[in-house]
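This is what each chain is made of:
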2 protein chains.
Amino acid sequence: MSGDKQSLAAPRGMRDFYPDEMALQCRITDTWRASAERYGFQRYDACVVESLDLLKRKAGEEIVEQIYAFKDKSDRDLALRPEMTPTLARMVAARQGSLDLPLKWFAIAQCFRYERTTRGRKREHYQLNLDIIGEPAVTAETEVIAAAVDALLQLGLSLTDFRVRISSRALLGDILAASGIPIEHHAATFLALDKRGKLPDEKIAELLTEAGVASEAQGGVFDVLGLTDLDQVRDLLKGRASAALAELEACCTGLTAYGLGDAIVFDISVIRGLAYYTGIVFEAFDTEGKLRAIFGGGRYDNLLASVGGRPQTGVGLGFGDVVVAELLAERGLTGSDEARGRITVGFMTIDQQPIARRMAATLRSQGEQVDLALHPEKPRAFFARADKRRFAKAAYIGPDDVTQGTVRIKNMVTREEEPLPV
Amino acid sequence: MSGDKQSLAAPRGMRDFYPDEMALQCRITDTWRASAERYGFQRYDACVVESLDLLKRKAGEEIVEQIYAFKDKSDRDLALRPEMTPTLARMVAARQGSLDLPLKWFAIAQCFRYERTTRGRKREHYQLNLDIIGEPAVTAETEVIAAAVDALLQLGLSLTDFRVRISSRALLGDILAASGIPIEHHAATFLALDKRGKLPDEKIAELLTEAGVASEAQGGVFDVLGLTDLDQVRDLLKGRASAALAELEACCTGLTAYGLGDAIVFDISVIRGLAYYTGIVFEAFDTEGKLRAIFGGGRYDNLLASVGGRPQTGVGLGFGDVVVAELLAERGLTGSDEARGRITVGFMTIDQQPIARRMAATLRSQGEQVDLALHPEKPRAFFARADKRRFAKAAYIGPDDVTQGTVRIKNMVTREEEPLPV
């Protein structure tokens, strides 16, 4: 028996969505789609199965270890994608001659990572991907971030619930140069930035020493770690021209013009993938800092070349379903109005069934979502079901209604009834 | 170089959807969802990865051979599902004590079969699944078929474009009994029914002989094969009571009441899976008979028990994306109005960018889908892009527009312009 019970569960780390859970899931993915389309992105898609070789070409070491790889019956090396970006790169590179740039594409993609399933971590999730390829101007970053923030707002969150931390890999290069930190210490500085806030300063100092940064040189590194706003960056640059700073400022200006300025903060510790991003990078977090990143992304210049295409600049963002669902739960925003607008039609005896069916057909033709009872029910059973399943309205047809020529539709929330001619 | 080109293709048998193709794909899946919801079905979902053991418990021999099976790093036997039904059975059985029956669920599921990719056959497709579990009345069949037909009509097809062929496994049992065909010849008769229309009668006679049906007994089998309408069935039953006949008639009556009678035909050759279906079975085909089945399904009584649940009756239907897309293409109905309603906003110099951005923000807040130009463009380039990408409307902002305080929005179809205050 327990063996049978066991086998009724989803495979380890995979999720089932029963209708109640699916309502929230659909609300998230519908909102992603609506926001992406409102910002003029076009949807694309590809199969969750990719060639292992393609995935390895882009992925970092850690990701490669977590890939669900398998061989098909012709001994091809395939895998369930851990992310959508290599597929995007492949699709764009394959038609690089004929696609008009800049292109603005989005996908809602299931992605797999073979991780330990401790702490409720799942092995699959869905991710909104927004990408703009072929646009050097920082308007690309602005549109991508604004579209993702729009989705958070449409889901019911407010600008005080989250922060978009933004930095720039190129600006960091200018800062390191202005700080006099020698090039051989840059990797150690990136590491220290990444650990900033997660480890106490003494531990970071130890890491720097291990990485060969002598104590006397660590002051400069900690000066960089301590930068908290763009005014301090300007001071540190001492009037040196920095195209990267101008771009970051323009990005923030654009987001402010969209009314999102309060949610945007400069944060020099945002690094993300060292190998992948080349310009502005950003990550959104819940304001209280309890959860992992809600979304993250940045500018990449080497993606297309990495799969054999011609070099082309791009800006991309990934936005998973899991963390935003956690945040919605924290804020009490997981409620769904899935049943709102749904109508159930019931009847007392088989004699009223044709009338119930006609009524359902009429309401459906008017665009309503109508559940037609599949068999006769007593009124008490019918209305109990309508309540339990949270229908918005319920219409019940008995012999008397047919005689009188009217059926009453009951609003299950207000309990008001309105008559409808049979 | 050709090696690189090769690697930019999707894995063999898997599909990429570029935005133009995705527009049709979304039209199909959006329509499925809308029709299922209009008929009161609730959406569920589950991961495309299932346990191999579960899939084997339900699948027939042919399907097991075509399963994409693999082992994860803990040596678990997993697979990409070839169909959604075992997953549905698992999910319902796992909560069989708490779910209210009858339940009406739908899913839009990607499914995989490892087939030869000859003749453009793909190895993955999407499938609408509609299931009603726990309802013995034939209204379950009626609702499922009507919802699927609704989707065909909403996609632009008409009732003359397709036929739903319907039969009943239980009625076939009654017919065989009334025909005096001995039980040991029933399997051979099913085989003959399945081959009817695909092979000439002489070949079918040979198959029957091979299966041990003597020539003198073959007349009765061919009489059954020759039944073409329910009146002939009634004659053959000679007034014997047949609950199965009454149910099939009630199903047709319900569909006729929905206005779908002309598309429904009795067809005794509809058999479908011998092991799986137990009652009414049906398949929809294009009227010209050029394509494979558009959708198919029927009543099953043993599904839940097959995964370890308590026995429960159900009615289900599978509706793939590939054949309906072929039929839409045949009928010239693959056009998409994806771009309709989309607006693009451009500007001449960087000075007009803030105004363009404000205009985009205003239009988006009104629910419009707005593509905001990412960089300044000359008017000719802007309108050429707007034409090529089939935007519905285009607004272009130059210095003069700002001075005059109005921007013109051009309808790209009618070429009419309407002024909008800046």
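Residues numbered from 1 in each chain as written. Chains lettered and ligands numbered in written order. Predicted model: local features only at pLDDT ≥ 70, side-chain atom pairs only at ≥ 80, totals over all residues. Heavy atoms only, no water.

Enquirer: I'm lost on the overall build of chain A in this one. Help?
Expert: Summing up its helical and strand segments, chain A has 17 helices and 18 strands in all. The C-alpha atoms of chain A give 28 Å as radius of gyration, which overshoots the globular expectation for 422 residues (22 Å, by more than 25%). Counting all 422 residues of chain A, 55% fall into the buried class. Of all intrachain contacts in chain A linking residues separated by at least 6 positions in sequence, the fraction that spans at least 24 positions is 67%. Taken as two groups, the 54 positive and 60 negative side-chain charges of chain A have centres that lie 6 Å from each other. (Helix = DSSP H or I, 4+ residues; strand = E, 2+ residues; numbered from the N terminus. Rg over C-alpha atoms; globule rule 2.2 N^0.38 Å. Buried < 20%, exposed > 50% of the residue type's maximum accessible area, 1.4 Å probe, protein only. Contact = heavy atoms within 4.5 Å. Lys, Arg positive; Asp, Glu negative; His and termini not counted. Charge placed at Lys NZ, Arg CZ, Asp CG, Glu CD.)

Enquirer: I would appreciate a short explanation of the side chain of Q218(A) in the present structure.
Expert: Of note, Q218(A) is situated in helix 10 (residues 215-225). Discounting residues that sit within four places of it in the chain, Q218(A) has contacts with A205(A), L208(A), T209(A) and V213(A).

Enquirer: What is the right way to read the relation of the copies chain A and chain B from this model?
Expert: Superposition of the two copies of the chain requires a rotation about an axis together with a shift along that axis. Superposing chain A onto chain B requires a rotation of 180° together with a translation of 0.0 Å along the rotation axis, leaving an RMSD of 0.1 Å. What we have between these two chains is a two-fold relation. Within chain A, F70(A) has its C-alpha nearest the rotation axis, a separation of 2.9 Å. Mapped onto chain B, 100% of the interface residues of chain A again fall at the interface, so both copies present the same surface. (Least-squares fit on C-alpha atoms with pLDDT ≥ 70 in both.)

Enquirer: Even after reading the chapter, I still don't get the sheet that holds strand 15 (residues 369-372) of chain A, so can you show me in this structure?
Expert: Pairing between the strands of a sheet is mediated by backbone hydrogen bonds and can be parallel or antiparallel. Residue and element names in this part refer to chain A. Strand order in the open sheet made by the five strands is 15-14-16-17-18, with mixed pairing throughout. Edge positions in the sheet fall to strand 15 and strand 18 (417-421), since each has one partner strand and no second. Taking the axes of each pair of neighbouring strands and ignoring which way they run, one obtains an average angle of 25° across the sheet. Sheet topology note: the strand 17 (residues 406-411)/strand 18 ladder contains five bridges and is antiparallel. Following the sheet pairing, I409 is matched in strand 18 by E418. Against the sheet, helix 15 (residues 353-365) makes contact with strand 14 (342-347), strand 15, strand 16 (393-397), strand 17 and strand 18, and its axis sits at roughly 165° relative to strand 15, the strand it touches most. (Pairing = 2+ DSSP bridges. Axes fitted to C-alpha atoms, helices over the stretch in contact; angles between N-to-C directions.)

Enquirer: Quick question: what am I supposed to make of the environment of I343(A) here?
Expert: Residues and elements named next belong to chain A. Within the secondary structure layout, I343 lies in strand 14. The spacing of I343 and R38 is 305 residues in sequence and 30 Å in space, taken between C-alpha atoms. Excluding residues within four positions of it along the chain, I343 makes contact with L363, E368, Q369, V370, D371, F391 and K393.

Enquirer: Sorry if this is basic, but what is going on with the packing of helix 7 (residues 169-179) of chain A against helix 12 (residues 243-257) of chain A here?
Expert: Describing two packed helices takes the angle between their axes plus the distance from one axis to the other. Residues and elements named next belong to chain A. In the contact formed by helix 7 and helix 12, the axes pass within 8 Å of each other and the chain directions differ by 140°. Between helix 7 and helix 12, the angle is such that the two are oblique. You can see that helix 7 and helix 12 cross each other, and the crossing is left-handed. Across the interface between the two elements, A170, L171 and D174 of helix 7 pack against A244, L245 and L248 of helix 12. In terms of residue class, the contact of helix 7 with helix 12 is built from five nonpolar, no polar and one charged. (Parallel < 35°, antiparallel > 145°, perpendicular 65-115°, else oblique. Left-handed = near helix turned anticlockwise from the far one by under 90°. Nonpolar A, V, L, I, M, F, W, Y, C, P; charged D, E, K, R; others polar.)

Enquirer: Please explain the environment of L260(B) as it appears in this structure.
Expert: Residue and element names in this part refer to chain B. Structurally, L260 can be placed in the loop between helix 12 (243-257) and strand 10 (264-266). Accessibility expressed as a relative area gives 6% for L260, which makes it buried. Between the alpha carbons of L260 and T209 there is a distance of 40 Å; along the sequence they are 51 residues apart.

Enquirer: What is the right way to look at empty space enclosed by the protein in this model?
Expert: Vacant regions in the atomic arrangement are exposed by a probe of water-molecule size rolled over the atoms. The tally for this structure, following the rule as stated, stands at four cavities of 30 Å³ or more. Counted as a void, the largest cavity has a volume near 50 Å³. R342(A), D371(A), R389(A), F391(A), G40(B), Q42(B) and K104(B) are the residues that line the largest cavity. Here the residues of the lining of the largest cavity sort into one nonpolar, two polar and four charged. (1 Å grid on protein atoms, 1.4 Å probe; cavity = no way out; pocket = protein on both sides within 12 Å on 5 of 7 lines; lining within 4 Å. Points joined across faces, edges and corners; volume = space filled by probe spheres on them.)

Enquirer: I tried to follow the interface of chain A and chain B on my own but got confused; where do I start?
Expert: Often, the extent of an interface is quoted as the loss of accessible area upon association of its parts. Facing the 90 residues of chain A at the interface are 91 residues of chain B. Both sides of the chain A and chain B interface together cover about 7,800 Å² of buried area, and 53% of this is carbon and sulfur. Counting across the chain A and chain B interface gives twelve salt bridges. Residue R364(A) pairs with E143(B) through a salt bridge whose shortest N-O separation is 2.9 Å. Linking chain A with chain B are 40 residue pairs in polar contact (both at pLDDT 80 or more), by the criterion used here. If you tally residues by element for the side of chain A that touches chain B, the top one is helix 2 (residues 19-38) of chain A, at eight residues. In the side of chain A that touches chain B, the residues fall into 42 nonpolar, 14 polar and 34 charged. As paired strands, strand 1 (residues 16-17) of chain A and strand 3 (residues 45-46) of chain B are joined by two bridges and run antiparallel to one another. Directly across from F17(A), in strand 3 of chain B, lies its bridge partner D45(B). (Buried area = accessible area lost by both parts, 1.4 Å probe. Salt bridge = Lys/Arg side-chain N within 4 Å of Asp/Glu carboxyl O. Polar contact = N/O pair within 3.5 Å; in protein donor to acceptor, adjacent residues only side chain to side chain.)

Enquirer: Quick question: what am I supposed to make of the pattern of salt bridges here?
Expert: If charged atoms from side chains of opposite charge come close, those side chains can pair. Overall, the coordinates contain 62 salt bridges over all chains when judged by the stated rule. For the salt bridge of D401(A) with R408(A), the shortest nitrogen-to-oxygen distance reads 3.5 Å. Note on R408(A): relative accessible area 45%, which makes it partly exposed. Across the pair R390(B) and D20(B) runs a salt bridge whose closest N-O atoms are separated by 3.8 Å. You can see R390(B) sitting in the loop between helix 16 (379-388) and strand 16 (393-397) and its partner D20(B) sitting in helix 2 (residues 19-38), a full 370 residues away along the chain. Owing to a relative accessible area of 57%, D20(B) belongs among the exposed residues under this scheme. One connected set of salt bridges, linked through shared partners, spans D161(A), E288(A), K290(A), E330(A) and R331(A).

Enquirer: How do you make sense of the pairing of strand 13 (residues 314-320) of chain A when you look at a structure like this?
Expert: Looking down a regular strand, the side chains alternate between one sheet face and the other. All names here are of chain A. Summarising burial for strand 13: seven of the seven residues are buried, a large majority. Side chains of strand 13 alternate between two faces, with G314, G316, G318 and G320 and V315, L317 and F319 buried alike. Across seven bridges, the pairing between strand 8 (residues 124-133) and strand 13 is antiparallel. Looking across to strand 13, one finds that L128 is bridged to F319. Sheet topology places strand 12 (residues 295-300) next to strand 13; six bridges connect them, and they run antiparallel.

Enquirer: Help me understand the sheet that holds strand 5 (residues 68-71) of chain A, please; the structure alone is not making it clear to me.
Expert: Residue and element names in this part refer to chain A. If you walk across this open sheet you meet the three strands as 4-6-5, and the pairing is antiparallel. Each end of this open sheet is capped by a strand with a single partner; those strands are strand 4 (49-51) and strand 5. On average, each strand axis in the sheet is tilted by 40° relative to the strand beside it, whichever way the strands run. The pairing of strand 4 with strand 6 (residues 77-80) spans three bridges and is classified as antiparallel. Of the residues in strand 6, the one forming a bridge with E50 is A79.

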